[in-house]
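# Observations on the model geometry
Spelled out, the chains give:
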Amino acid sequence: MATLTASRALAPLGTAGSLFAFALDVLRNLFRRPFQLREFLQQAWFIASVTIVPTALVAIPFGAVIALQVGGLIQQFGAQSFTGSASVLAVVRNAGPIATALLVAGAGGSAIAADLGARKIREELDAMMVLGIDPIQRLVVPRVLACMLVAVFLNGLVSVVGVIGGYFFNVILQEGTPGAYLASFTALAQLSDVWQGLAKALVFGMIAAIVACYKGMNAKGGPKGVGDAVNESVVITFLLLFVVNFVMSAIYLQLVPPKTG
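Keep in mind the model is a prediction, meaning the values are calculated, not measured.

Next up on the list: the overall build of the protein. Looking only at helices and strands, the protein features nine helices and zero strands. Of the regular secondary structure in the protein, the N- to C-terminal order runs α-α-α-α-α-α-α-α-α. With 261 residues in all, the protein has 42% of them scored as buried. Put simply, of all contacts in the protein between residues at least 6 apart along the chain, 86% involve residues at least 24 apart. Taken as a whole, the protein presents about 13500 Å² of accessible surface, with 72% of it coming from carbon and sulfur.

Here's what the structure looks like:
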């Protein structure tokens, strides 16, 4: 009984180690040839098609909420002229990459996990290995690269729509001036903030794809196991995203000092 309890307690550590080893295998296979260009294009198109509309719709309330909250807080300090730059920083640095990653993981990642899980229970992956085809190189690498590419483009979409939504709500609802909102962009924001947002989106997309592929390729127990793998992949991805976002933000703030007005 004690042994069984100990094995259950150590199970998460074994899963984390297996996931890390799987990620290393994926990174190693990124540079192997031949590259599956057709699979990459098909997966990129599919992920973009299922995420672009939800991403655009989510970006509007993201920008609105940030503009309202930041604008209300800044007005208490009498610094309404910095509302634009504060909203842009919040959207570009954190809200854009996180919203993009959540949608990529929720829509694209769940579809990837379901697809690979179905292949696993039908023993297609075992058949590929018998034929000498590496499933990681053939199936996983194109999906990981597709998620990374789509995440970068969707991050740009979220940033643009979020900034426009913040501008609208700040000018219309909070009676801000358009000139002050636009002129404050350069007061606190800098080009490195954009690069940080793009780097976050790239890393978040990679994490979402690797977790989805890992859970899908290790699905067990028939169709129910595939469903469990999809749910677990989304939950694990969400947890990892917030941890990685904190680490990347902390590193960025240490390397790039904030710009003072």
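Read on for the rest.
Mapped onto the present numbering, the UniProt feature "transmembrane region" (unreviewed entry) falls at residues 6–24, 45–68, 98–118, 139–169, 194–214 and 234–255. Regarding residues 98–118, the helix share stands at 100% and the strand share at 0%, and the terminal C-alpha atoms are separated by 28 Å. As annotated, residues 234–255 has a helix share of 100% and a strand share of 0%, and its two end C-alpha atoms lie 31 Å apart.

A separate point is the state of the cysteines. Applying the stated criterion to the full structure yields zero disulfides. A disulfide-free cysteine, Cys147 has its sulfur positioned 7.3 Å from the sulfur of Cys213, the nearest such atom.

Let us now look at the environment of Val256. Here Val256 lies in the segment after α9 (222–255). Each C-alpha atom of the pair Val256 and Asp193 lies 9.2 Å from the other, and the pair is 63 residues apart in sequence. Among residues more than four places away in sequence, those in contact with Val256 are Gln190 and Ser192.

Moving on: the packing of aromatic side chains. Overall, the coordinates contain two aromatic pairs when judged by the stated rule. Judged by centre distance (5.8 Å) and plane angle (55 degrees), the rings of Phe35 and Phe40 are tilted. The class of Phe40 is buried, set by a relative accessible area of 13%.

Moving on, we get to the pattern of salt bridges. One pass over the structure, following the stated rule, counts 11 salt bridges. Across the salt bridge formed by Arg122 and Glu124, the nearest N and O atoms sit 2.8 Å from each other. We classify Glu124 as partly exposed; its relative accessible area is 29%. Among the salt bridges present, the one from Glu232 reaches Lys215, with a minimum N-O distance of 2.7 Å. Taken together, the positions of Glu232 in helix α9 and Lys215 in helix α8 (residues 191–217) put the pair 17 residues apart, joining distant regions of the chain. One connected set of salt bridges, linked through shared partners, spans Glu39, Asp115, Arg119, Arg122, Glu124, Arg138 and Arg143.

Note on placement: Asn29 falls in helix α1 (residues 2–29). Here Arg32 takes part through its side chain, which lies 2.9 Å from a polar atom of the side chain of Asn29.

Our focus in this paragraph is unusual backbone geometry. In this chain, Arg33 is followed by Pro34 through a cis amide linkage whose omega measures 5 degrees. Unlike most non-glycine residues, Glu123 shows phi in positive territory, near 65 degrees. Within the secondary structure, Glu123 sits in the loop between α3 (83–121) and α4 (124–130). Its relative accessible area of 54% is what places Glu123 among the exposed residues.

Below, the discussion takes up the nonpolar core. Core analysis: the biggest nonpolar cluster contains 36 residues, and Phe22, Val26, Ile112, Val140, Val144 and Ile210 have the highest contact counts within it. At the level of elements, α1, α2 (37–76), α3, α4, α5 (135–172) and α8 are the ones that each hand at least two residues to this core. Tallying contributions element by element places α5 first for this core, with 11 residues. Filtering out sequence-adjacent residues up to four positions away, Val144 remains in contact with Val26, Met206, Ala209 and Ile210.

About the cut-offs
Residues numbered from 1 in each chain as written. Predicted model: local features only at pLDDT ≥ 70, side-chain atom pairs only at ≥ 80, totals over all residues. Heavy atoms only, no water. Helix = DSSP H or I, 4+ residues; strand = E, 2+ residues; numbered from the N terminus. Buried < 20%, exposed > 50% of the residue type's maximum accessible area, 1.4 Å probe, protein only. Contact = heavy atoms within 4.5 Å. Areas by Shrake-Rupley, 256 points an atom, 1.4 Å probe, with all protein chains shown as cover. UniProt positions renumbered as here; feature names shortened; annotations may be inferred. Disulfide = S-S within 2.5 Å. Phe/Tyr/Trp six-rings, centres within 6.5 Å; stacked < 30°, edge-to-face > 60°. Salt bridge = Lys/Arg side-chain N within 4 Å of Asp/Glu carboxyl O. Polar contact = N/O pair within 3.5 Å; in protein donor to acceptor, adjacent residues only side chain to side chain. Core = buried A, V, L, I, M, F, W, Y, C linked by side-chain atoms within 4.5 Å.

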